[in-house]
Amino acid sequence: MRPLMLQGHERSITQIKYNREGDLLFSCSKDQKPNVWYSLNGERLGTYDGHQGAVWCLDVDWESRKLITGAGDMTTKLWDVEYGTIIASIPTKSSVRTSNFSFSGNQAAYSTDKAMGQNCELFIIDVRNADSTLADQTPTLRIPMTESKITSMQWGPLDETIITGHDNGNIAIWDVRKGQKVVDSGSDHAAGINDMQLSKDGTMFVTASRDTTAKLFDSESLMCLKTYKTERPVNSAAISPILDHVVLGGGQDAMEVTTTSTKAGKFDSRFFHLIYEEEFARLKGHFGPINSLAFHPDGKSYASGGEDGFVRVQTFDSTYFENIFE
């Protein structure tokens, strides 16, 4: 299958996400305009115009009604997915690094950067009856992060906890009701965590770190189950919803990209077996490091967004599903 090349961004991709059914693919980049695409044929549905800075993160709720984005213009915006209009724009004191809806879609969480004299903070807001007054309401919970800033974040099971990955390689679980830390992983990773993605059933999650590894963790105890080693910083990792596969994407830092050729194989998507930790496939394609990866919810294709500003949607051929590990 030839990949679909989605060309809608002028600058590098920061995050991509499928909605729950997988018919829509959302992408955001450093060019201020998140896009939404049909994942089947790569046609662009539209853009969400309104941010004034690089958009770092996005998430779509499970009904595909609301979209949340966080950007370098010091706002978190809530959008109507269908009409592309802004429901609410919440000002923050520094740029927003992560944003996620809870599984129910009733709450959303976002975290801000440690910058300009501001500490990194984690906010939780109620988005059930969101409208423009949301900007003036106080968040339902606000947790200051004193040690290290949050670089990736996911909601835990049943919307009771939030899992955060930090710049120093730590992972923590926070109780949403009490507003305090319940589990701390210690430093399994030696460097910052770029990305965290849950498995389909939410029992485990995979982390991608600058220390050149991706690791599989239990999402209740934060026990490290598996480690996938590469020789480059890993920017993103995703777990297949149907097979025991993990895909990793990365490459060296953006500033060193001009000094290497694409043939050196630094910008491939790398497929590892979830259990045996063995690499069994590589897919070329991008002209720069891969910044974000996502599996289609049906597990038959995956998408990658790179520093080159392209999103590539690759459908697996039949041999991928017949590949059995001996």
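Residues numbered from 1 in each chain as written. Predicted model: local features only at pLDDT ≥ 70, side-chain atom pairs only at ≥ 80, totals over all residues. Heavy atoms only, no water.

## Structural notes on the packing of aromatic side chains
Stated formally: Each Phe, Tyr or Trp ring, with Trp reduced to its six-membered ring, pairs with another whose centre is within 6.5 Å; inter-plane angles below 30 degrees give stacked pairs, above 60 give edge-to-face pairs, and intermediate values give tilted ones. Two conditions define a charge sitting above a ring: the NZ of Lys or the CZ of Arg must be within 6 Å of the ring centre, and it must be within 35 degrees of the ring normal.
As enumerated under the stated definition, the model contains 15 aromatic pairs in all. Here a set of aromatic residues connected by ring pairs shows up, and it is made of Phe271, Phe280, Phe295, Tyr302, Phe316, Tyr320 and Phe321. Looking at Arg44, its charged tip hangs above the ring of Trp37, at a distance of 5.9 Å from the centre.

## Some details on the pairing of strand 23 (residues 245-250)
Let me state the cut-off plainly: Burial classes: relative accessible area under 20% of the type maximum marks a residue as buried, over 50% as exposed, and values in between as partly exposed (1.4 Å probe, protein chains only). Under the DSSP-based scheme used, a helix requires at least four consecutive residues in state H or I and a strand at least two consecutive residues in state E, with every element numbered from the N terminus. The rule for pairing is simple: two strands pair if DSSP sees at least two bridges between them.
Along strand 23, six of the six residues are buried, which leaves the element largely enclosed by surrounding structure. Side chains of strand 23 alternate between two faces, with His245, Val247 and Gly249 and Val246, Leu248 and Gly250 buried alike. One ladder, built from five bridges, connects strand 22 (residues 234-239) with strand 23; its direction is antiparallel. Each bridged residue has a counterpart across the sheet, and for Ala237 the counterpart in strand 23 is Leu248. In textbook terms, the turn of a hairpin is the stretch between consecutive antiparallel strands, and for strand 22 and strand 23 this stretch comprises five residues. Across five bridges, strand 23 lies against strand 24 (residues 269-273) in antiparallel orientation. Each bridged residue has a counterpart across the sheet, and for His245 the counterpart in strand 24 is His273.

## A closer look at the UniProt feature "repeat: WD" in the chain
Quick note on the threshold: UniProt positions are given in the numbering used here, feature names are shortened, and annotations may be inferred rather than shown by experiment.
In this structure's numbering, the residues bearing the UniProt feature "repeat: WD" are residues 8-47, 50-89, 145-184, 188-227 and 285-326. Helix makes up 0% of residues 8-47 and strand makes up 50%, while its end C-alpha atoms are separated by 9 Å. Within residues 145-184, the helical portion is 0% and the strand portion 57%, while the C-alpha atoms at the span's ends are 13 Å from each other.

## Some details on the side chain of His166
Put simply, the test is: In protein, a polar contact requires one atom able to donate a hydrogen and another able to accept it; more generally it is a pair of N or O atoms within 3.5 Å, and residues adjacent in sequence count only if both atoms are side-chain atoms. Any pair of residues with heavy atoms lying within 4.5 Å of one another is described as a contacting pair.
By secondary structure assignment, the location of His166 is in strand 15 (residues 161-166). Look at His166 and you get buried, because its relative accessible area is 6%. Separated by 2.9 Å, the side chains of His166 and Thr164 make a polar contact. Among all residues touching His166, those that are not within four sequence positions of it are Met145, Ser148, Lys149, Ile150, Thr151, Ala172, Trp174, Gly192 and Ile193.

## A few points about the pairing of strand 3 (residues 24-29)
Counted residue by residue, strand 3 has six buried out of six residues, so it is predominantly covered. With burial as the criterion, each face of strand 3 is covered, one bearing Leu24, Phe26 and Cys28 and the other bearing Leu25, Ser27 and Ser29. Inspection of the sheet shows strand 2 (residues 13-18) paired to strand 3 by five bridges, in the antiparallel sense. Within strand 3, the position partnered with Gln15 by the bridge is Cys28. Hairpin connection from strand 2 to strand 3: five residues lie between these consecutive antiparallel strands, with Gly22 at a positive phi of about 85°. Across four bridges, the pairing between strand 3 and strand 4 (residues 35-38) is antiparallel. Bridged to Ser27 within strand 4 is Asn35. Once strand 3 ends, the chain turns through five residues before running back antiparallel as strand 4, passing Gln32 with a positive phi of about 75°.

## Examining the sheet that holds strand 23
Hydrogen bonds between backbone atoms are what pair the strands of a sheet, whose relative direction is either parallel or antiparallel. What counts, and what does not: Between the N-to-C directions of two axes lies an angle of 0 to 180 degrees, each axis being a line fitted to C-alpha atoms and, for a helix, fitted only over the stretch in contact.
Strand order in this open sheet of four strands is 22-23-24-25, and the pairing throughout is antiparallel. Only two strands of the sheet have a single partner each, and these edge strands are strand 22 and strand 25 (279-283). Adjacent strand axes in the sheet meet at a mean angle of 20° when their direction is disregarded.

## Regarding unusual backbone geometry
Even without being a glycine, Ser64 presents a positive backbone phi close to 55°. Tracing the chain through its elements places Ser64 in the loop between strand 6 (55-60) and strand 7 (66-71). Overall, Ser64 belongs to the buried group, its relative accessible area being 16%. A positive phi is found at Thr212, a non-glycine position, where the angle reads about 75°. Position of Thr212 among the secondary structure elements: in the loop between strand 19 (204-209) and strand 20 (213-218).

## Considering the sheet that holds strand 2
Reading across the sheet, the four strands line up as 2-3-4-5 and stay open at both edges, with antiparallel pairing between neighbours. Looking at which strands have only one partner, the edges of the open sheet turn out to be strand 2 and strand 5 (44-47). Between one strand axis and the next, the sheet turns through 20° on average, direction left out of account.

## Some details on the environment of Ala88
Following the sequence through the fold, Ala88 ends up in strand 9 (residues 86-91). Put simply, Ala88 and Leu134 are 46 residues apart on the chain and 6.1 Å apart in space, counted from C-alpha to C-alpha. Those residues within four positions of Ala88 in sequence are excluded, and the remaining contacts are Thr76, Lys77, Leu78, Asp131 and Leu134.

## Observations regarding the side chain of His286
Within the secondary structure, His286 is located in the loop between strand 25 and strand 26 (290-295). Among the polar contacts made by the side chain of His286, one reaches the side chain of Ser304 at a distance of 2.8 Å. A polar contact of 3.2 Å, which involves the side chain of His286, links it to the side chain of Asp308.

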